[in-house]
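# A look at the structure
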There are 2 protein chains.
Amino acid sequence: MKKAILERIRAGTWPPGASLPGEIDLAKEFGCARATVSRAMRELVTDGILERRRKVGTRVRSAPTRRAEFTIPLIREEIIATGAQYGYALVEREIQIVPVWLRAQLDLPAKARVLRLCCVHFADNVPFQVEDRWINLSAVPEAASFDFEETGPNDWLVRKVPFTNAELSFSATGAQPRIAEMLGAAHGSAVFTLERTTWLEGAGVTFARLHFAPHYKMTTRY
Amino acid sequence: MKKAILERIRAGTWPPGASLPGEIDLAKEFGCARATVSRAMRELVTDGILERRRKVGTRVRSAPTRRAEFTIPLIREEIIATGAQYGYALVEREIQIVPVWLRAQLDLPAKARVLRLCCVHFADNVPFQVEDRWINLSAVPEAASFDFEETGPNDWLVRKVPFTNAELSFSATGAQPRIAEMLGAAHGSAVFTLERTTWLEGAGVTFARLHFAPHYKMTTRY
DNA sequence: TAGTGGTCTAGACCACCCC
DNA sequence: GGGTGGTCTAGACCACTAA
């Protein structure tokens with residue numbers, strides 16, 4: 001069904017910007033139930049192919065969708081998937097009062113306690129990613145008594161703590177001396193940086209800043 | 001319906017990794033039709049919350065390999081959305097034989113002709129993005145006779161040329177002298193770089209390498 | 001207010017795949 | 001083989017919104 005509609009769009013029966021017939025007419029035309037047409041069209045909307053408005057009808061999107069989807073894998077799985085051996089090292093672990101910049105990001109009260117971790121993930125013993133992690137101890141008190149010597153915070157959190165909202169941002173930063181050293185890169189070299197914040201029902205859970213080794217590329221197809 | 005299921009997951013009735021009851025049981029429990037449960041669950045699968053396998057059942061994904069979705073706006077619209085004034089300048093326009101590295105990327109025959117464009121997008125007269133663009137002239141012959149003095153290739157292509165597949169990749173690169181100069185940045189400074197390739201039915205259409213001014217961040221929430 | 005999509009029901013058959 | 005999800009039907013009512 002979905003294929004049949006797609007074919008017509010590709011064939012030019014319904015060029016970009018054109019209106020499609022209503023669900024009932026299409027159902028007759030294809031000889032199937034209206035619910036079937038409806039489902040196929042709803043899927044095409046989520047695929048970014050169609051655009052629907054009540055009372056107006058369904059149109060083929062004229063400017064093809066410009067949405068990209070990323071799956072953010074666990075770093076361990078990402079490394080293993082390349083065929084390399086995964087390695088992990090904890091560099092720093094400290095409980096502290098939340099820094100001001102992080103208070104704003106996680107929406108925490110003043111003097112909230114956070115666990116700060118810094119660790120390195122290796123692929124075949126070569127540094128792959130430096131993870132700077134802050135965990136809100138009022139949201140995740142168990143974290144205070146876990147040592148993170150063997151298991152990375154990423155792995156641990158994913159199994160322990162659900163979240164409802166997240167924010168991701170990508171950027172390029174010049175490697176700070178400490179980061180550069182841990183990554184085995186030159187000072188100031190361009191580092192791909194991913195920041196991720198997660199909340200559970202409005203309460204900030206954790207913030208991570210991930211620094212990737214030089215030449216890392218994050219790729220997606222659609 | 002979808003909400004009801006999500007609530008239970010959040011509430012911990014079905015913790016990560018747990019199996020949910022079958023569709024028929026759930027339908028009884030919620031007092032609704034099986035098709036309704038089915039649709040809600042399928043949607044939760046596409047949201048990355050659930051995982052389903054025939055004969056095995058439905059589970060809550062333990063590692064929410066959640067997908068982040070980006071909307072890649074037209075650069076012009078992105079700049080205007082910040083309240084700044086959009087500016088555009090064409091720096092270079094040349095028809096040439098496709099370079100080898102690009103042949104592989106676009107899947108072109110040797111000696112295919114491509115149009116190479118280099119331009120800068122400004123926000124309030126400050127360089128915002130440098131666009132390095134290659135267009136396959138056998139796929140888009142009209143491009144050869146368009147001068148791109150006033151309209152950026154991005155704007156033009158989006159209106160003229162459909163595509164069926166695309167690949168996006170993000171990385172951090174040290175600014176090459178030419179790029180640095182155009183961006184008004186220091187040589188070697190960290191530049192966020194986005195590469196985008198699009199195909200139409202298997203035929204490479206265009207490749208773009210976008211270099212953003214320092215401190216650019218690409219952000220998404222979900 | 002009329003017409004569109006959005007959602008649901010109750011039932012049916014099929015495809016897959018672990019046991 | 002048998003239980004699971006995948007998909008479909010035919011019909012119904014609701015919600016939104018442009019005219």
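Residues numbered from 1 in each chain as written. Chains lettered and ligands numbered in written order. Predicted model: local features only at pLDDT ≥ 70, side-chain atom pairs only at ≥ 80, totals over all residues. Heavy atoms only, no water.

In this section: the protein's contact with DNA strand D. Around DNA strand D, a shell composed of 20 residues is seen, among which Ala33, Thr36 and Arg39 of chain A together with Arg34 and Arg52 of chain B lie nearest. Restricting the count to atoms of DNA strand D within 4 Å of the protein gives a sugar and phosphate share of 62%. Separating a phosphate oxygen of DNA strand D from a backbone N or O atom of Glu23 of chain B is a distance of 3.4 Å. Arg54 of chain B places a side-chain nitrogen or oxygen 3.1 Å from a sugar or linking oxygen of DNA strand D. Of all the secondary structure elements, the ones that give two or more residues to the surface near DNA strand D are α3 (34-46) of chain A together with α3 (34-46) and β3 (57-60) of chain B. (Near = heavy atom within 4 Å. Polar contact = N/O pair within 3.5 Å; in protein donor to acceptor, adjacent residues only side chain to side chain. Helix = DSSP H or I, 4+ residues; strand = E, 2+ residues; numbered from the N terminus.)

Before going further, it helps to spend a moment on the layout of surface pockets. Residue and element names in this part refer to chain A. As a volume, the second largest pocket reaches approximately 350 Å³. Lining the second largest pocket we find 19 residues, and of these Thr173, Gly174, Gln176, Arg209 and His211 sit closest to its centre. Residue assignment for the lining of the second largest pocket shows that the elements contributing at least two residues are β7 (126-136), β8 (165-174), α7 (177-183), β9 (190-200) and β10 (203-212). No other element matches the four residues that β8 contributes to the lining of the second largest pocket. Of the residues contributing to the lining of the second largest pocket, the split by class is six nonpolar, seven polar and six charged. (1 Å grid on protein atoms, 1.4 Å probe; cavity = no way out; pocket = protein on both sides within 12 Å on 5 of 7 lines; lining within 4 Å. Points joined across faces, edges and corners; volume = space filled by probe spheres on them. Nonpolar A, V, L, I, M, F, W, Y, C, P; charged D, E, K, R; others polar.)

So, about the protein's contact with DNA strand C. Taken together, the neighbourhood of DNA strand C is formed by 19 residues, with Arg34 and Arg52 of chain A together with Ala33, Thr36 and Arg39 of chain B sitting nearest. One nitrogen or oxygen atom from the side chain of Arg39 of chain B is found 2.4 Å from a phosphate oxygen belonging to DNA strand C. Those elements that place two or more of their residues in the surface near DNA strand C are α3 and β3 (57-60) of chain A together with α3 of chain B. With four residues, α3 of chain B is the largest single contributor of residues to the surface near DNA strand C. Among the residues forming the surface near DNA strand C, the class breakdown is three nonpolar, six polar and ten charged.

By domain assignment, chain A separates into domain 1 (2-60) and domain 2 (75-212). A separation of 44 Å is found between the C-alpha centroids of domain 1 of chain A and domain 2 of chain A. (Domains from an automatic or database assignment.)

What follows concerns the sheet that holds strand β2 (residues 50-53) of chain A. Residue and element names in this part refer to chain A. The three strands lie next to each other as β1-β3-β2, forming an open sheet whose pairing is antiparallel. Each edge of the open sheet carries a strand with a single partner, namely β1 (19-20) and β2. Together, β1, β2 and β3 form the strand contacts of α3, whose direction differs from that of β2 by roughly 115°. (Pairing = 2+ DSSP bridges. Contact = heavy atoms within 4.5 Å. Axes fitted to C-alpha atoms, helices over the stretch in contact; angles between N-to-C directions.)

We now examine the side chain of Asn136 of chain A. Residues and elements named next belong to chain A. Among the secondary structure elements, Asn136 is positioned in strand β7. Within the structure, the side chain of Asn136 is placed 2.7 Å from the backbone oxygen of Gly204, a separation counted as a polar contact. When sequence neighbours within four positions are dropped, the list of residues in contact with Asn136 reads Leu108, Arg113, Val114, Gly204 and Val205.

In this structure the tally under the stated criterion is 26 aromatic pairs over all chains. With a centroid separation of 6.3 Å and an interplanar angle of 80°, the aromatic rings of Phe128 of chain A and Phe212 of chain A are classed as edge-to-face. With Phe128 of chain A in strand β7 and Phe212 of chain A in strand β10, this pair connects stretches of sequence that are 84 residues apart. For the pair Phe128 of chain A and Phe212 of chain A, a shared accessibility class is recorded, and that class is buried. Relative to Phe207 of chain B, the ring of Trp101 of chain B has its centre 5.5 Å away and its plane inclined at 75°; by these criteria the two rings are edge-to-face. Pair noted here: Trp101 of chain B is in helix α5 (residues 100-106) and Phe207 of chain B is in strand β10 (residues 203-212), with a separation of 106 residues, a long-range link. Accessibility expressed as a relative area gives 40% for Trp101 of chain B, which makes it partly exposed. The rings of Phe128, Phe170, Phe192, Phe212 and Tyr216 of chain A together with Phe128, Phe170, Phe192, Phe212 and Tyr216 of chain B are connected pair by pair, giving a single aromatic cluster. Positioned over the ring face of Trp101 of chain A is Arg209 of chain A, at 5.2 Å from the centre of the ring. (Phe/Tyr/Trp six-rings, centres within 6.5 Å; stacked < 30°, edge-to-face > 60°. Buried < 20%, exposed > 50% of the residue type's maximum accessible area, 1.4 Å probe, protein only. Lys NZ or Arg CZ within 6 Å of the ring centre and 35° of its normal.)

So, about helix α2 (residues 23-30) of chain A. All names here are of chain A. Within α2 the residues assigned to the buried category are Glu23, Leu26 and Ala27. One side of α2 holds all its buried residues, which, seen down the axis, span an arc of 105°. Opposite the buried face of α2, by more than 90 degrees, sit the exposed residues Ile24 and Lys28. Along its buried surface, α2 packs onto β1, α3 and β2. Directly beyond the C-terminal end of α2, a positive phi value near 65° is found at Gly31. (Arc of directions from axis to C-beta.)

Let's shift gears to the pattern of salt bridges. Pairing between side chains of opposite charge can happen when their charged atoms approach one another. All told, the structure shown has 18 salt bridges over all chains when counted by the stated rule. For the salt bridge of Arg209 of chain A with Glu195 of chain A, the shortest nitrogen-to-oxygen distance reads 2.9 Å. In this pair, Arg209 of chain A is assigned in strand β10 and Glu195 of chain A in strand β9, connecting sequence segments 14 residues apart. Glu195 of chain A is the partner of Lys217 of chain B in a salt bridge, and the nearest nitrogen-oxygen pair spans 2.9 Å. Of this pair, Lys217 of chain B sits in strand β11 (residues 217-221) while Glu195 of chain A sits in strand β9, on two different chains. Relative accessible area serves as the criterion here: at 12%, Glu195 of chain A is assigned to the buried category. Each of the salt bridges in this network shares a partner with another, and the network as a whole consists of Glu23, Arg34 and Arg52 of chain A. (Salt bridge = Lys/Arg side-chain N within 4 Å of Asp/Glu carboxyl O.)

Turning to helix α6 (residues 153-160) of chain A, a few remarks are in order. Counting along an α-helix, one turn takes 3.6 residues, and residues three or four places apart therefore face a common direction. Residues and elements named next belong to chain A. Of all eight residues in α6, six are buried, a share of seventy percent or more. Buried residues of α6: Pro153, Asn154, Asp155, Trp156, Leu157 and Val158, and no others. The secondary structure elements touched by the buried residues of α6 are α4 (75-81), β5 (86-97), β6 (113-123), β7 and β10.

The next subject is the environment of Thr197 of chain A. Residue and element names in this part refer to chain A. Counting through the fold element by element, Thr197 comes out in strand β9. Each C-alpha atom of the pair Thr197 and Gln105 lies 7.7 Å from the other, and the pair is 92 residues apart in sequence. A polar atom in the side chain of Thr197 sits 2.8 Å from the side chain of Gln105.

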